[in-house]
Amino acid sequence: MSKPKAQARSAIKLDLFADAARKHKIETLGDPLQVIARHIDFDHLTRVIDQLLPRGDAASGGRPPYPTAVMVRILILKYLYKLSDEQMEYQLLDRMSYQRFCLLADSANVPDRNTIWHYQQRLGVDGVTALLQAVDGQLLQRGYLARCGQIIDATLVPAPIQHFTKQDKEQLDQGKIPSDWSEAKRRQKDLDATHTKKHGKGYHGYKLSISVDVRHKFIRKITTGTASEHDSTHFDEVLDGHNTSFDVYADRGYPSAQRSEMLKVLGYREHIQRKAKAGKPLSECQKGRNKRIAKTRARVEHPFAQMRHMGGKLIRTIGQARATVAMTMMAVCYNLKRLAKFVDDGVDAFYKEKCIPSKTEVPLQGANG
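Quick look at the structure, then. (Residues numbered from 1 in each chain as written. Predicted model: local features only at pLDDT ≥ 70, side-chain atom pairs only at ≥ 80, totals over all residues. Heavy atoms only, no water.)

## A look at the overall build of the protein chain
Within the protein chain one finds 14 helices and six strands. Taking the principal axes of its C-alpha atoms as reference, the protein chain extends roughly 95 × 65 × 65 Å. Across the 369 residues that make up the protein chain, the buried fraction comes to 45%. Total accessible area computed for the protein chain in this model is approximately 21200 Å², and 52% of it derives from carbon and sulfur atoms. Of the side chains in the protein chain, 60 bear a positive and 41 a negative charge, and the two mean positions are spaced by 7 Å. (Helix = DSSP H or I, 4+ residues; strand = E, 2+ residues; numbered from the N terminus. Buried < 20%, exposed > 50% of the residue type's maximum accessible area, 1.4 Å probe, protein only. Areas by Shrake-Rupley, 256 points an atom, 1.4 Å probe, with all protein chains shown as cover. Lys, Arg positive; Asp, Glu negative; His and termini not counted. Charge placed at Lys NZ, Arg CZ, Asp CG, Glu CD.)

## Notes on the side chain of Asp247
Relative to the assigned elements, Asp247 resides in strand β5 (residues 247–250). In this structure the side chain of Asp247 is engaged in a polar contact, spanning 2.9 Å, whose partner is the side chain of Arg269. Looking at Asp247, its side chain comes within polar contact range of the side chain of His271, at 2.4 Å. (Polar contact = N/O pair within 3.5 Å; in protein donor to acceptor, adjacent residues only side chain to side chain.)

## Some words on the state of the cysteines
In protein chemistry, a disulfide is the covalent bond that joins the sulfur atoms of two cysteines. In this structure the tally under the stated criterion is zero disulfides. Unpaired in this structure, Cys102 has its nearest cysteine sulfur neighbour in Cys333, at a distance of 12 Å. Classification of Cys102 by relative accessible area gives buried; the value is 0%. (Disulfide = S-S within 2.5 Å.)

## Points about the pairing of strand β4 (residues 219–226)
Judged by how many residues are buried, β4 sits mostly within the fold: seven of eight residues are covered. Examined bridge by bridge, strand β3 (residues 201–213) and β4 share seven bridges and lie antiparallel to one another. Opposite Lys207, over in β4, you have Gly225 as the bridge partner. The turn joining β3 and β4, which pair antiparallel and follow one another in sequence, is formed by five residues; a positive phi near 65° is taken by Lys217. (Pairing = 2+ DSSP bridges.)

## Some thoughts on the nonpolar core
With 74 residues, the main nonpolar core has Leu45, Ile74 and Met329 as its most contacted residues. Take this core: its biggest share by element is 15 residues, from helix α14 (residues 320–345). Setting aside its immediate chain neighbours within four residues, Met329 contacts Leu75, Ile76, Tyr79, Val128 and Leu131. Among the nonpolar cores identified, the runner-up in size contains 11 residues, and Ala154, Tyr254, Leu263 and Ile272 belong to it. (Core = buried A, V, L, I, M, F, W, Y, C linked by side-chain atoms within 4.5 Å. Contact = heavy atoms within 4.5 Å.)

## Things to note about the pairing of strand β6 (residues 269–272)
On a regular strand, one side chain projects to one face of the sheet and the next to the other, so that they alternate. Alternating residues of β6 divide into Glu270 and Ile272, all buried, and Arg269 and His271, none buried. What joins β5 to β6 is helix α11 (residues 257–266), and the crossover it makes is right-handed. (Right-handed = clockwise from strand over helix to strand, strands pointing away.)

## Thoughts on unusual backbone geometry
Of note in the backbone geometry, Lys82 takes a positive phi value of approximately 50° without being a glycine. You can see Lys82 is positioned in the loop between α4 (68–80) and α5 (85–94). We classify Lys82 as partly exposed; its relative accessible area is 25%. One non-glycine residue, Lys217, adopts positive backbone phi at about 65°. With respect to the helices, strands and loops of the structure, Lys217 is situated in the loop between β3 and β4.

Below you can see the structure in the form of structure tokens.
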């Protein structure tokens, strides 16, 4: 008589407490979102937004709003991982780590895609700018001052290319909206984004200009424009007068006699790379100077690279205002994530570096004028 066939063994173990076991395993491995939650003062961010945009309590009726603390965290997650409103809603329903971070672990419901969209529209440019300034305030509280000089640079931020007929282009060039466009179609057409070429390749979208401090590589000031604007257009807007050093670094797209004179009058030390002109190549001395500047100036590429790692710089919004909101939120998430990492790693904000002589380590007076 043949023996009964042994049942195949499986590594899967059914357990009523499987959720608790997985949560414990996540905590053991380390949840990166909890690192941010531990080291960022979200109560402070919430107070800033509530002071700027007070929310109703629905005491007179209607559905009560979600707490600002929840919505701010959701908005940060959305840009930290470059999610659409639809995906954000799905991930809040599906992912335990997202639910914990957004204070929704025990909630029977989560904000849907329309709620998330409307909240972002309500914040607008003023709201996200306030968030960026609030995060900068936490940098200063932790001792991460803007030190060792600043680096100014700009990057292209692509947006979906708009397709227009020849007749549409003619009317748009005259400042008119094509007569056959419905109101719904007009809302889906981005008339603010522009085209440009860089290194022989065409781009369509916007431009983000930033000032980064040399010591810690945090974004201290930002401004936005369209792709066709020259990189140097917004130089004055992002020049940070609160850096403890007078050194200003920039690439070959920024040199001009007028800018050099302006920086000299304000007391800055100019470190802007020189660009060769037709029939007038750079001297060996200028090439050497450019190379020395490049070693420091290259640090500004780190924020742009991190934005790409957070899901890319492509934005899918319509219009300059919404594009500014998206680009500002990229900067907020970069600074916020970097600050949490610094604090978690115990990076000493007051480590004595050798990049700037101590006699220049004083607040710059009158450089904002």
